[in-house]
Amino acid sequence: MDRILLTLAIFVPVRHHKWLGGCLDSLSCAKIEKDTEILICGDESYIRSVISGAGNRYPGSIRVLDGRGYEFGEALVTAVNEAKGKYFKILEAPDRINDTAFMVYTRRLRELEVDLILNQFTKENKETGERFAINYFKIYFNRVYDLPDDGIENLSGYFLFLPAITYRTDLLRSKEVSFGTGDYTVQEYLILPLAQLRNLAFINAPVCSSMIETAVLPGNVRKDFAGRLTVCRNLTDHYSRYYAGKVNGLTREIRFHISTFIGFTISLTLTVNCRSDRKYIWEKMEQFAETLINTDLELYDSTRVQIEKIKKKKFNRWRRIFLCSGNKEIPQMVVFSKR
């Protein structure tokens with residue numbers, strides 16, 4: 001494809017304006033090569049003011065895409081279509097590049113010809129300052145894995161985290177990969193392209209530090225829930241089409257990730273105070289549970305396990321959400337109530 005001229009396109013969706021300066025500062029220290037471009041999508045006037053206010057510190061490879069009023073999915077589709085890099089990576093505004101590891105990472109990108117590249121990263125809690133590294137154990141870093149391959153059975157649960165993933169750009173433009181437009185499209189970005197993978201590789205370098213922020217319940221609960229539920233349905237349909245009945249490491253990780261997102265969706269809505277909103281949410285979740293049962297009992301059971309963890313760890317004031325006596329029986333879902 002003619003527009004693929006560079007090695008890497010880094011997409012920075014500006015959903016957190018206060019973090020943008022620090023993110024760009026880390027990029028300015030990372031010795032960005034001429035074959036790397038940075039695509040920033042958000043309020044163009046604000047972004048340009050941040051860039052111009054810093055003199056010549058930022059690399060000249062920055063391109064600003066005006067995304068005022070865009071949700072994440074719209075910004076992502078725009079960036080994928082505009083990208084000139086062979087590979088595509090998302091760097092959120094709160095993330096910070098590790099300059100030494102970034103040089104190792106880009107050098108390996110130039111050598112590889114694969115659909116997916118995974119790298120190590122660091123997670124940091126902005127409230128406590130605690131940091132911990134995400135590593136892949138029992139994985140060979142100097143090897144290309146052709147799929148399906150039993151060699152990736154040892155992937156950790158952090159396999160499908162945004163800071164770890166770099167896709168081949170043409171894969172994201174495939175007609176089989178279609179993203180939504182909402183803020184939770186990032187979950188589709190992590191999952192949908194995987195069904196088209198032919199191979200993957202690992203890079204032994206903690207490329208960036210990812211900030212952990214405490215989730216805050218949005219002002220418009222129903223709108224936020226509708227966006228989450230749409231993604232839950234899209235991921236469930238995708239799983240049913242490509243993975244149901246398969247037994248391998250990749251399928252196991254995808255099932256785990258989808259069930260975790262569903263559980264996280266429920267965990268946020270459990271704190272809703274408005275009675276009518278609670279009733280609305282649980283009517284929708286009951287309908288979704290029936291879909292989940294008919295899709296794949298293993299996916300359903302994995303989701304139930306995640307919800308039970310949430311109940312025990314964070315929301316033990318609520319009664320059990322899913323009642324299940326075993327995989328072979330259809331579990332019932334009940335509206336929650338206070339003990």
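Keep in mind the model is a prediction, meaning the values are calculated, not measured.

**Some words on the overall build of the chain**
Inference 1: The helix and strand inventory of the chain stands at ten helices and twelve strands.
Inference 2: The 339 residues of the chain split such that 53% are buried.
Inference 3: Taking the contacts inside the chain whose residues are at least 6 apart along the sequence as the reference set, 77% of them involve residues at least 24 apart.
Inference 4: Accessible surface, the chain as shown: approximately 16,100 Å² in total, 47% of it carbon and sulfur.

**Observations regarding the environment of Tyr105**
Inference 1: In this fold, Tyr105 is placed in helix 4 (residues 99-111).
Inference 2: For the pair Tyr105 and Ile117, spaced twelve residues apart in sequence, the C-alpha to C-alpha distance is 9.8 Å.
Inference 3: When residues no more than four places from it in sequence are discounted, the contact partners of Tyr105 are Leu8, Lys89, Asn119, Thr166, Ile203 and Val207.

**What about the side chain of Thr185?**
Inference 1: Tracing the backbone shows Thr185 in helix 6 (residues 185-191).
Inference 2: At 2.8 Å, the side chain of Thr185 forms a polar contact with the backbone oxygen of Gly182.

**Brief notes about the pattern of salt bridges**
Opposite charge on two side chains permits pairing when their charged atoms draw close.
Inference 1: Scanning all chains against the criterion turns up eleven salt bridges.
Inference 2: For Arg108, the salt bridge goes to Glu111, with nearest N and O atoms at 2.6 Å. With a gap of three residues between them, Arg108 and Glu111 both fall in helix 4, about one helical turn apart.
Inference 3: Overlapping salt bridges bring together Glu37, Arg63 and Glu82 as one network.

**Here's the deal with the side chain of Asp35**
Inference 1: Residue placement: Asp35 occurs in the loop between helix 1 (20-28) and strand 2 (36-42).
Inference 2: By relative accessible area, which is 18% here, Asp35 ends up buried.
Inference 3: Of the polar contacts made by the side chain of Asp35, one reaches the side chain of Thr7; its length is 2.8 Å.
Inference 4: Here the side chain of Asp35 touches Arg110 through a polar contact of 2.7 Å, side chain to side chain.
Inference 5: In contact with Asp35, not counting residues within four places along its chain, are Leu6, Thr7, Leu8 and Arg110.

**A few points about the nonpolar core**
One broad rule of soluble globular proteins: the nonpolar side chains tend to lie buried together.
Inference 1: Among the nonpolar cores identified, the biggest contains 61 residues, and Phe11, Leu76, Phe88, Tyr189, Leu194, Ile254 and Met285 are the most heavily contacted of them.
Inference 2: Residues Leu91, Phe102, Phe121 and Ala164 belong to the second largest nonpolar core, which totals 34 residues.

**Digging into the packing of helix 7 (residues 221-242) against helix 9 (residues 275-295)**
Inference 1: Orientation of helix 7 relative to helix 9, taken along the N-to-C sense of each, is 0°, at an axis distance of 11 Å. Classified by the angle between their axes, helix 7 and helix 9 sit roughly parallel to one another. Taken together, the residues of helix 9 that come into contact with helix 7 (itself represented by Val221, Arg222, Phe225, Leu229, Cys232, Arg233, Thr236 and Ser240) are Ser276, Asp277, Tyr280, Ile281, Lys284, Met285, Gln287, Phe288, Leu292 and Thr295.
Inference 2: Its residues placed into classes, the contact of helix 7 with helix 9 shows nine nonpolar, five polar and four charged.

**Considerations on helix 1**
Inference 1: For helix 1, the full list of buried residues reads Leu20, Cys23, Leu24, Ser26 and Leu27. Along the long axis of helix 1, the arc covered by the buried residues comes to 155°, so they all point the same way.
Inference 2: Along its buried surface, helix 1 packs onto strand 1 (6-13), strand 2, helix 2 (44-52), strand 3 (62-66) and strand 5 (96-97).

**A few points about the pairing of strand 7 (residues 131-134)**
Inference 1: As judged from the four bridges shared by strand 6 (residues 116-125) and strand 7, these two strands associate in the antiparallel manner. In the strand pairing of strand 7, Glu124 is matched with Arg131.

**As for the packing of aromatic side chains**
Inference 1: Across all of its chains, the model carries twelve aromatic pairs by this definition.
Inference 2: Seen from their ring centres, Tyr145 and Phe202 are 5.5 Å apart, and the 90° between their planes marks the pair as edge-to-face. Of the two residues, Tyr145 sits in strand 8 (residues 144-146) while Phe202 sits in strand 10 (residues 199-212), which places them 57 residues apart along the sequence.
Inference 3: For the pair Tyr242 and Tyr243, a centre-to-centre distance of 6.4 Å together with 55° between the ring planes defines the contact as tilted.
Inference 4: Residue classification places Tyr242 among the buried residues on the basis of a relative accessible area of 18%.
Inference 5: For Arg222, the ring lying beneath its charged end belongs to Tyr280, and the centroid distance is 4.5 Å.

Reading the values: rules and limits
- Residues numbered from 1 in each chain as written.
- Predicted model: local features only at pLDDT ≥ 70, side-chain atom pairs only at ≥ 80, totals over all residues.
- Heavy atoms only, no water.
- Helix = DSSP H or I, 4+ residues; strand = E, 2+ residues; numbered from the N terminus.
- Buried < 20%, exposed > 50% of the residue type's maximum accessible area, 1.4 Å probe, protein only.
- Contact = heavy atoms within 4.5 Å.
- Areas by Shrake-Rupley, 256 points an atom, 1.4 Å probe, with all protein chains shown as cover.
- Polar contact = N/O pair within 3.5 Å; in protein donor to acceptor, adjacent residues only side chain to side chain.
- Salt bridge = Lys/Arg side-chain N within 4 Å of Asp/Glu carboxyl O.
- Core = buried A, V, L, I, M, F, W, Y, C linked by side-chain atoms within 4.5 Å.
- Axes fitted to C-alpha atoms, helices over the stretch in contact; angles between N-to-C directions.
- Parallel < 35°, antiparallel > 145°, perpendicular 65-115°, else oblique.
- Nonpolar A, V, L, I, M, F, W, Y, C, P; charged D, E, K, R; others polar.
- Arc of directions from axis to C-beta.
- Pairing = 2+ DSSP bridges.
- Phe/Tyr/Trp six-rings, centres within 6.5 Å; stacked < 30°, edge-to-face > 60°.
- Lys NZ or Arg CZ within 6 Å of the ring centre and 35° of its normal.

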